[in-house]
Every structure is written in structure tokens, then in C-alpha cells.
Amino acid sequence: MAKLMSLLWGAGSPPCWRVMITLEEKKLQGYKRKLLSFEKGEHKSQEVLEVNPRGQLPAFKHGDIILNESCATCLYLENQFKSQGIKLIPDSAEDQAVMYQRMMEGLALTDKLNSVIYYDCSVPEEERHDSAVKRNKEALTAELKLWEGYLENVSAGSYLAGAFSLADVIVFPSIACAFRFGLSVGRYPKLAKYYSLLKNRASIKTTWPPHWVASPQGYDILKDL
Amino acid sequence: MATDITLLWASGSHACWRVMIALEEKNLQGYNQKQLYFEKGEHKSKEVLEINPRGQLPAFKCGDLPLNESCAACFHLECKYKSQGTKLIPDCEDEKALILQRVFEVNALTEKSSIVLYYNWIVPEGERHDSAVKRNKEALTAELKLWEGYLQKASSGFIVGKNFSLADVIVYPAVAYLFQNGLSEQRYPKLAEYYKGLMNRPSIKASWPPTWKNAPKQETLKDI
């Protein structure tokens, strides 16, 4: 089954990481994969454009089925392979609803992180403003406070929607990114606890961004948030 | 049960509209609802914040469960009320995958439309640039070409497959929004055909934004 799957991915990209975690959780190791470099512009190569006309990663195929939106890919894999690996969508309607809610909110978190971390990459020099940087940081701070609240009762086995679920698959990579870029453990203790509880989960450890392993020292863009 | 459901909404918000279409399709008319007005700042009222701490609409509750992200609400409604109303997620695997793909791709369309339509609201005066306005318009044009392409491959008047699905619930409001704001039907014939083709579907007609009914169309997107 996994042999019919292929993934084009980039290191450190939360959307790519989400798909890789799901593939591990569903015991679909053995899929074809190719690491591409954003810095070299490989996400705009012919090879990617043939799968994803948007020139974005991840670009995922299962036989003839193409899925380039990471949430779509993760939902698809869980629905297709429900009976193998870990159950990623809870049974109870209440936990399911919380899971969907947090998954979608996770996209807002990722956007706000990107607007701070990648400001200089996405905004041409002559259009950059300190006022925008300040506003983006304030929006990110408000967002992180919300997540700190969602994780008020975090403990082993009790994550964003109860047991480990697609909500965590979608959101954890962005939280890991936040700490990689200097988020203060002291100011966000619940997020820090969530991060430390899950970072050694097998599917997460196996798919940890390789360049983060190679150079554990991150950045400090977020240290004052 | 429709009476367990509460929706605070605003006219013309595509996110609110999606939830209203889903409720109609699942035969859940009779839900508690209240129309609010962004212009009066009602989305930041206590009533909204109690359901949605983000101060955004829709603010939606199913029983005690807040589900303020419109896609989450729609997924939940389809799962919970699978056996009533329209089946919004088909059994066919290929179609299911494409529906999921389109549902999540719509974010790109709505973001790119919003930054063009609401540039002056989103970006403070001191930060506005003609170069950014130009770039945003080009990005929207490229995005619209993608969707025009998707509809060229679609054959039955729906965005995926031969039946109305969750993908249409999520996509249609975003497309209708474009034409309400002056998108050219000549330049985007497939999008226009999709827009007109579903306009009279009961769930869409019943939930059509009331503020659009007598208002003239805007022209902001006519040159895109």
C-alpha cells in the first residue's frame, strides 16, 4: 500500500511534517519520498508542478489520487486506513468536534507564525514596516495565549482533543516550530509541556526535521513574545 | 436536533454562509440564529465572545460544543447527521479525496480575494503600496485561473463529481462573493456558469445573503 504512495517534501515545513507524522501513525512506512530544497527553489520545479500546480510542498500521490493540502491528506489517510495503526479521529462526537475545531484553528496559528518568522521572505524590502512587524507579533502573541488556554489541562495522553488525534498531527509541528524559533518556555508553560510530552512520540521523533537534528541550536526571533 | 443548534452570523460572510448551506442541506432548518452586523462591531460583542473568544463570525454551537471554524462545523454536521438530508461526502474514494483537496484549497482563494477586496481595511494607511496592490491582484488572477481550470474538468455543474457535495458547500460562497464584487463573467465563464447553475438550489437560495438581495453589485473586481 505504502509503495503506491509518494511524497515530495521540504525540511522544517509544518504541512510536510503533518503528512509524514500521519504516515508513520498509520504504519505506512515504505512510501517513496524525496526531500527538496526551498532555498534552491526546487518546490517550483517541473517535478513538483506536475503533482502540485501551485508549486508548493507537500505534494502527495497515492496511485492516481493527488492531495496537496496537508489537512486533506491527513484526513484522507485516516479515513482510508482507519483500521490500521493508531486511531486518529476519536469515536465520541464531542471529541471529534473539538478535533475538527482545533485542526482548523491550527491553520490560523501557522499563518500567524509564518507572518512573523518569514516576514522578510514574503514581504519585499521596500514594503516592510516596523508597524507591520509589531502588529504581526501582537497577533501571534494573542494566538499563542489562546493555545496556552486550550492546553490548560495537558498531560500524558490528554492533548488537544483527548487522546492523540489529527488535531495534534496538524498543530504540533507549528508548536515545535515556535520553540525552534525561540519561543519562551517560561512564558508559555503549557505549550512547553505539550511540546516536551510529544517530541519523543515515535512518529514525531522519526520525522523530526533533519536539519534541526543536525543543528539543535535554533533562532531567537520569537524570544520576546 | 435543530433546536440544539445556535448560529450567530453576518450577511455576506462566506464562512457563515457555508454553515447555513450545510444546515439547510441536512434538513436542520429551525436552528436558533441571529444576524449580526460587522459595521456595528457586533462580532466583538460579549454574546459572540462567549461562544467564540476570537470575536469572529460564524459563532456556532451544536449543543454545548462551540464549532466556530466553518469547515469544522460543516464536517461535524455531515458526520453527526449523516443519515438525513443530502449526503455531502460520497462513498467513492476518488471523489472523497478530491472533495477534501478542494475544501482545503478554498483558503487560498478566500485569502487572495480578501486582500484585494479589503486591502484598505486590512492594511493601515502608512503601510500601503501600489506594488503590493498590483502583486495581490496578480496573485488573485493566477488563483482564479486555477479554479477556472478545475471547473473546466468538472462536468455536472458541481465542483467535484456528479453530485452536490461538501466541496460545493465550502466553495460556492467564495465564488458567489467574487461575482457580487464585479468579477467578469466573460473572462471567467466556467466560474460564472458554476455560480449561476447553483444559485437556485434550495439551500443556497434560502440562505442567500439578505444584504445582497436589493443592493447593487460592487465593481471592485471588474478588472481582474
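Only a predicted model underlies this, so the values are computations on that prediction, with no experimental measurement involved.

*Asks:* I'm lost on the packing of aromatic side chains in this one. Help?
*Replies:* The relative placement of two aromatic rings is captured by the distance of their centres and the angle of their planes. The final tally for this structure, using the stated rule, is 28 aromatic pairs over all chains. Between B:Tyr172 and B:Tyr195, the ring centres sit 6.3 Å apart and the planes meet at 20 degrees, which makes this aromatic pair stacked. With a gap of 23 residues between them, B:Tyr172 in helix 7 (residues 166–180) and B:Tyr195 in helix 8 (residues 189–198) connect regions that are remote in the sequence. For B:Tyr195, a relative accessible area of 3% translates into the label buried. Joined through ring pairs, the aromatic side chains of A:Trp17, A:Tyr159, A:Phe164, A:Phe172, A:Phe179, A:Tyr194, A:Tyr195, A:Trp208 and A:Trp212 make up one cluster. Its end group placed over the ring of A:Tyr150, A:Arg102 keeps NZ or CZ at 3.5 Å from the ring centre.

*Asks:* What is the right way to read the interface of chain B and chain A from this model?
*Replies:* In many analyses, interface size is given as the accessible surface area lost on bringing the parts together. Listed per partner, the contact involves 35 residues of chain B and 36 residues of chain A. Carbon and sulfur atoms make up 58% of the area that chain B and chain A hide from each other, which totals about 2,800 Å². Taken together, chain B and chain A are joined by 6 salt bridges. Residue A:Glu105 is joined to B:Arg54 by a salt bridge in which the shortest nitrogen-to-oxygen separation is 3.0 Å. Across the chain B-chain A interface, the total number found is 15 residue pairs in polar contact (both at pLDDT 80 or more). If you list the elements that add at least two residues to the side of chain B that touches chain A, you get strand 4 (65–66), helix 3 (70–80), helix 4 (93–117) and helix 6 (130–153) of chain B. Counting residues per element, the side of chain B that touches chain A draws most heavily on helix 4 of chain B, at 11 residues. Partitioning the side of chain B that touches chain A into residue classes produces 18 nonpolar, 7 polar and 10 charged.

*Asks:* Can you help me understand the sheet that holds strand 1 (residues 5–10) of chain B in this one?
*Replies:* Backbone hydrogen bonds are what pair the strands of a sheet, in a parallel or an antiparallel way. Residues and elements named next belong to chain B. Taken in spatial order, the 4 strands of this open sheet run 2-1-3-4, and their pairing is mixed. Each edge of the open sheet carries a strand with a single partner, namely strand 2 (32–36) and strand 4. Its contacts with the sheet place helix 1 (residues 14–25) against strand 1 and strand 3 (59–62), and it is angled at close to 140 degrees to strand 1. Packed onto the sheet, helix 3 meets strand 1, strand 3 and strand 4 and runs at close to 25 degrees relative to strand 3.

*Asks:* I tried to follow the domain arrangement of chain A on my own but got confused; where do I start?
*Replies:* Residues and elements named next belong to chain A. As far as domains go, chain A holds domain 1 (2–80) and domain 2 (93–214). The C-alpha-based centres of domain 1 and domain 2 are spaced at 20 Å. Contacts between the two partners involve 15 residues from domain 1, matched on the other side by 24 residues from domain 2. Across the domain 1 to domain 2 interface the summed buried area is about 1,700 Å²; carbon plus sulfur atoms make up 78%. The largest per-residue losses of area from domain 1 upon contact with domain 2 belong to Trp-17, Arg-18 and Ile-21, which jointly make up 38% of the total buried on that side. Linking domain 1 to domain 2 there are 1 salt bridge. On inspection of domain 1 and its partner domain 2, the count reaches 5 residue pairs in polar contact (both at pLDDT 80 or more).

*Asks:* Just to check I follow, could you spell out the UniProt feature "domain: GST C-terminal" (unreviewed entry) in chain A for this structure?
*Replies:* In the numbering adopted here, UniProt assigns the feature "domain: GST C-terminal" (unreviewed entry) to residues 92–217 of chain A. The distance separating the terminal C-alpha atoms of residues 92–217 of chain A is 41 Å; by composition the span is 67% helix and 0% strand.

*Asks:* Looking at this structure, how should I read the UniProt feature "domain: GST N-terminal" (unreviewed entry) in chain A?
*Replies:* What UniProt calls "domain: GST N-terminal" (unreviewed entry) maps, in this numbering, to residues 3–85 of chain A. From the first C-alpha to the last, residues 3–85 of chain A spans 17 Å; its make-up is 35% helix and 22% strand.

*Asks:* Hey, could you run me through the packing of helix 6 (residues 130–150) of chain A against helix 8 (residues 189–198) of chain A in this one?
*Replies:* A pair of packed helices is characterised by two quantities: the angle between their axes and the separation of those axes. Residue and element names in this part refer to chain A. Between helix 6 and helix 8, whose axes approach to 8 Å, the crossing angle comes to 65 degrees. The angle between helix 6 and helix 8 places the two elements in the roughly perpendicular class. With respect to the hand of their crossing, helix 6 and helix 8 are arranged in left-handed fashion. In this structure, helix 6 uses Leu-144, Trp-147 and Glu-148 to contact helix 8, whose residues at the interface are Pro-189, Lys-190 and Leu-191. Taken together, the residues of the contact of helix 6 with helix 8 sort by class into 4 nonpolar, no polar and 2 charged.

*Asks:* What exactly am I supposed to notice about the UniProt feature "domain: GST N-terminal" (unreviewed entry) in chain B here?
*Replies:* The UniProt record annotates "domain: GST N-terminal" (unreviewed entry) at residues 3–85 of chain B. The span residues 3–85 of chain B is 35% helix and 20% strand, and its two end C-alpha atoms sit 17 Å from each other.

*Asks:* Would you take a moment to explain unusual backbone geometry for this structure?
*Replies:* Most of the time, phi is negative for any residue but glycine, and the peptide bond is trans. For the bond from A:Leu57 to A:Pro58, the omega torsion is 5 degrees, close enough to zero to count as cis. Looking at the secondary structure, you find A:Pro58 in the loop between helix 2 (46–51) and strand 3 (59–62). Geometrically, the link from B:Leu57 to B:Pro58 is a cis peptide bond, its omega value of 5 degrees lying close to zero. Of note, B:Pro58 is situated in the loop between helix 2 (46–51) and strand 3. Its identity is not glycine, yet A:Lys27 carries a phi of approximately 55 degrees, on the positive side. At B:Asn27, a position not held by glycine, the phi torsion is positive, near 55 degrees. The residue B:Asn27 is located in the loop between helix 1 and strand 2 in this model.

*Asks:* In this structure, what is going on with the packing of helix 1 (residues 14–25) of chain A against helix 7 (residues 166–180) of chain A? I would like to understand it.
*Replies:* Residue and element names in this part refer to chain A. For the pair helix 1 and helix 7, the least separation of the axes is 9 Å and the interaxial angle reads 135 degrees. Looking at the two axes, helix 1 sits oblique to helix 7. Between helix 1 and helix 7 the crossing geometry is right-handed. When helix 1 is examined against helix 7, the residues Pro-14, Trp-17, Arg-18, Ile-21 and Thr-22 are found in contact with a partner set consisting of Leu-166, Val-169, Ile-170, Phe-172, Pro-173, Ser-174, Ala-176 and Cys-177. Here the residues of the contact of helix 1 with helix 7 sort into 10 nonpolar, 2 polar and 1 charged.

Rules used throughout
Residues numbered from 1 in each chain as written. Chains lettered and ligands numbered in written order. Predicted model: local features only at pLDDT ≥ 70, side-chain atom pairs only at ≥ 80, totals over all residues. Heavy atoms only, no water. Phe/Tyr/Trp six-rings, centres within 6.5 Å; stacked < 30°, edge-to-face > 60°. Helix = DSSP H or I, 4+ residues; strand = E, 2+ residues; numbered from the N terminus. Buried < 20%, exposed > 50% of the residue type's maximum accessible area, 1.4 Å probe, protein only. Lys NZ or Arg CZ within 6 Å of the ring centre and 35° of its normal. Contact = heavy atoms within 4.5 Å. Buried area = accessible area lost by both parts, 1.4 Å probe. Salt bridge = Lys/Arg side-chain N within 4 Å of Asp/Glu carboxyl O. Polar contact = N/O pair within 3.5 Å; in protein donor to acceptor, adjacent residues only side chain to side chain. Nonpolar A, V, L, I, M, F, W, Y, C, P; charged D, E, K, R; others polar. Pairing = 2+ DSSP bridges. Axes fitted to C-alpha atoms, helices over the stretch in contact; angles between N-to-C directions. Domains from an automatic or database assignment. UniProt positions renumbered as here; feature names shortened; annotations may be inferred. Parallel < 35°, antiparallel > 145°, perpendicular 65-115°, else oblique. Left-handed = near helix turned anticlockwise from the far one by under 90°.

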